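Residue-level listing of the chains:
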Amino acid sequence: MNKHLSCLLLFCGSLAAHSQPNFTANNYVNPYDQPFRYGANLGNYPPWSNQQVANISVGNASLPGVGMNAFRGSLPEHFLETWGYQIRLPEYQHFQSLNATDHLVFIGYPSAAHRETAAFCDTFPSELFANLYLPIWDGGANGTPVNDQNYFALYIFKTVSTYKNQVRFWEIWNEPDFTLNTAAAFAPPGAPGNWWENNPSPCDLATRAPVFHYVRLLRVAWEVIKTVDSTAYVCTGGIGNPAFLDAILRNTDNPADGSPTAEFPLGGGAYFDVLSFHSYPHLDGSMWEFPPGGGLFFHRHSDRGLEGMVKRRNDLAEVLENHGYDGSTYPKKLWTLSETNIPRKTFNVYIGSDEAQVNYLLKALVEAHRLDFKQLHIFNIADLSSEASAWNEFLLMGLFKNLSEFTYPNYELNDAAIAWKTAVDFFTGKKFDAPLTTALALPAEINGAAFTSQADTTFVLWVETSEDLSEAASATFAFPPAFGLDTLWQWAWNFSATQNTGQALASAVALTGTPFFFQRKPVEPVDTVVINAIAEEAGGFDFTCFPNPSQGDFSVRLKTEEPGKFTLKILNGQGQTIEILLEAMSVEASEQVLFFRKNLLPGLFWLEVMDENSRIILKPLVFK
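Just so you know, these numbers come straight off a predicted model, no measurement behind them. (Residues numbered from 1 in each chain as written. Predicted model: local features only at pLDDT ≥ 70, side-chain atom pairs only at ≥ 80, totals over all residues. Heavy atoms only, no water.)

Enquirer: Just to check I follow, could you spell out the overall build of the protein for this structure?
Expert: Looking only at helices and strands, one finds 14 helices and 25 strands in the protein. When its C-alpha atoms are laid out on the principal axes, the protein stretches across 95 × 60 × 60 Å. Scored against the burial criterion, the 624 residues of the protein give a buried share of 55%. Expressed as a percentage of contacts within the protein between residues at least 6 apart in sequence, the contacts between residues at least 24 apart total 68%. Only carbon and sulfur atoms are counted for the fraction: they give 52% of the accessible area of the protein, which is about 25800 Å². (Helix = DSSP H or I, 4+ residues; strand = E, 2+ residues; numbered from the N terminus. Buried < 20%, exposed > 50% of the residue type's maximum accessible area, 1.4 Å probe, protein only. Contact = heavy atoms within 4.5 Å. Areas by Shrake-Rupley, 256 points an atom, 1.4 Å probe, with all protein chains shown as cover.)

The structure is reproduced here in structure tokens:
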């Protein structure tokens, strides 16, 4: 029995009511087998309630919605202590009634009465909770299983107990690695003050506390959350700095120096299941470069933004693997992208257009599925101001125009919402199909993916953009013959609004820098009466095919009364040859069984057997 399974058995048997976990994320990470979550950060749009925002985002009986099935919110302690721990419960119950579930919430931010009074740098006091290092548990001495004097533990216990039926993912703080000292934070090893070989200064962190204290937050949160809800996931708080992640993993929660001791034995990686990160590629350096010869070059287009998001993920993944979170030494972490977008309006030198934002979000959704993210939350569900009063790009990153300018249920969509809804409608109920995507054999300048279900397959394809401040790109793509495709249905990014459907020849699909969606166009089956007539004329030989329908593997049993040479073809639904499986194969007077494996899309195909006298038998073969 492997060590992960052994721990799982301990885990399942140990979590009785309010019993502390006897495992960590170094032993076991609970798989997440629910559908992908299309989410957004909620925001605040008075006088709209969050229930009303959810109605137009998810949809109800009278409103179409834009495809959301989860939200990212916040439940800070200072808010809950002021208004009561159940203040947001009706909202989350309403989300659940709309079938929006497994929400993500970031937590932390103490009330004034529970805030740390110590200062770890000369300039700012700590932002964390007081008594963080008191024991987490007290055996129920105060009526709760946690030590009520450990304010963070008590807050976590009360919050998760209240919202555990709606919230599945708990981020610990929001962007704890945010810093203004980017020179040190992103410096490479060997550079003065770098975070790879030096722990970040408390003055440089958003928490204003040592990184060991953030590991302590993770540890307290892990123990309490797993006790209250064994199905919940503990997440990092939307980080983005690989060096900060390295600091979390190499340090324990030892307040002296982060070194391991009997009391503080494990690094921070033991206390979170999900690597939650943020990506804003327009401002993190992804879209510009300083070449060795000097100067500054910009690459402000959607595919460069996508590269930036993927690079951030891969840089963080490399740190995890370097510390053993590779599925062998320790279980792999799950992933979620809890904030991302690029602007739809230009500010300063940043990219900014509706077209670029539409393209980035569509491409990011494809990549999120490819990389097996569990959720993606855009920033933000709606604009935070009018366009006239906006002074930075973060105010204009919503799917909806600023809702405060409308009266419920009236609203106006940005182009990004239309594209988002189109993608969600095509992707929901399907999974990213890696083998089928590979089989597309996409050339270097074309990107895309295949999404499959038992019912159908959707392809999304685009030409990669490459010019600064331009989304223009074009190329022609031919689906491989083995796919058996002739004419395709084709939809543009705005299909959810226009309902316009086009057609494309699979042998010459015209693509642009904006993704298109494709599905097989159904064809009328060949007249079986004609087929039977052809078969009767053949005489002297016959064949059967099994299993039929097939999921890829099938056999052909050929029977012949006399020796001969036979050719076997597979045809599409319109009778056109996809592939010659065997040509002029010699067969003695008996029967022969032939085995084949083909990666074909679901649909109707035909097997054709022809003898050396050009006599033909044609029989249907269904792939599912």
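Enquirer: In this structure, what is going on with the pattern of salt bridges? I would like to understand it.
Expert: Should their charged atoms come close, side chains of opposite charge can pair. Summed over all chains, the structure comprises 28 salt bridges. When the shortest N-O distance is used, the salt bridge between Asp 456 and Lys 430 registers 3.2 Å. Taken as a pair, Asp 456 in the loop between β12 (446-452) and β13 (457-463) and Lys 430 in the loop between α11 (415-427) and β11 (431-432) lie far apart in primary sequence, 26 residues in all. Lys 430 gets classed as buried once you look at its relative accessible area, which sits at 13%. Between Glu 579 and Lys 598 there is a salt bridge, with its nearest N and O atoms 2.8 Å apart. Of the two residues, Glu 579 is situated in strand β22 (residues 577-587) and Lys 598 in the loop between β23 (591-597) and β24 (603-611); the sequence distance between them amounts to 19 residues. (Salt bridge = Lys/Arg side-chain N within 4 Å of Asp/Glu carboxyl O.)

Enquirer: Explanation requested: the packing of aromatic side chains in the structure shown.
Expert: Working definition: an aromatic ring pair is given by the centre-to-centre distance plus the angle between the planes. Throughout the structure, instances matching the rule amount to 43 aromatic pairs. For the pair Phe 516 and Phe 518, a centre-to-centre distance of 6.3 Å together with 45° between the ring planes defines the contact as tilted. One exposure class covers both Phe 516 and Phe 518, and it is buried. The structure contains a cluster of three or more aromatic residues connected by ring pairs, namely Phe 426, Phe 427, Phe 432, Phe 451, Trp 491, Phe 495 and Phe 517. Looking at Lys 226, its charged tip hangs above the ring of Tyr 233, at a distance of 5.7 Å from the centre. One cation-aromatic arrangement involves Lys 333 over Phe 272; the distance from NZ or CZ to the ring centre is 4.3 Å. (Phe/Tyr/Trp six-rings, centres within 6.5 Å; stacked < 30°, edge-to-face > 60°. Lys NZ or Arg CZ within 6 Å of the ring centre and 35° of its normal.)

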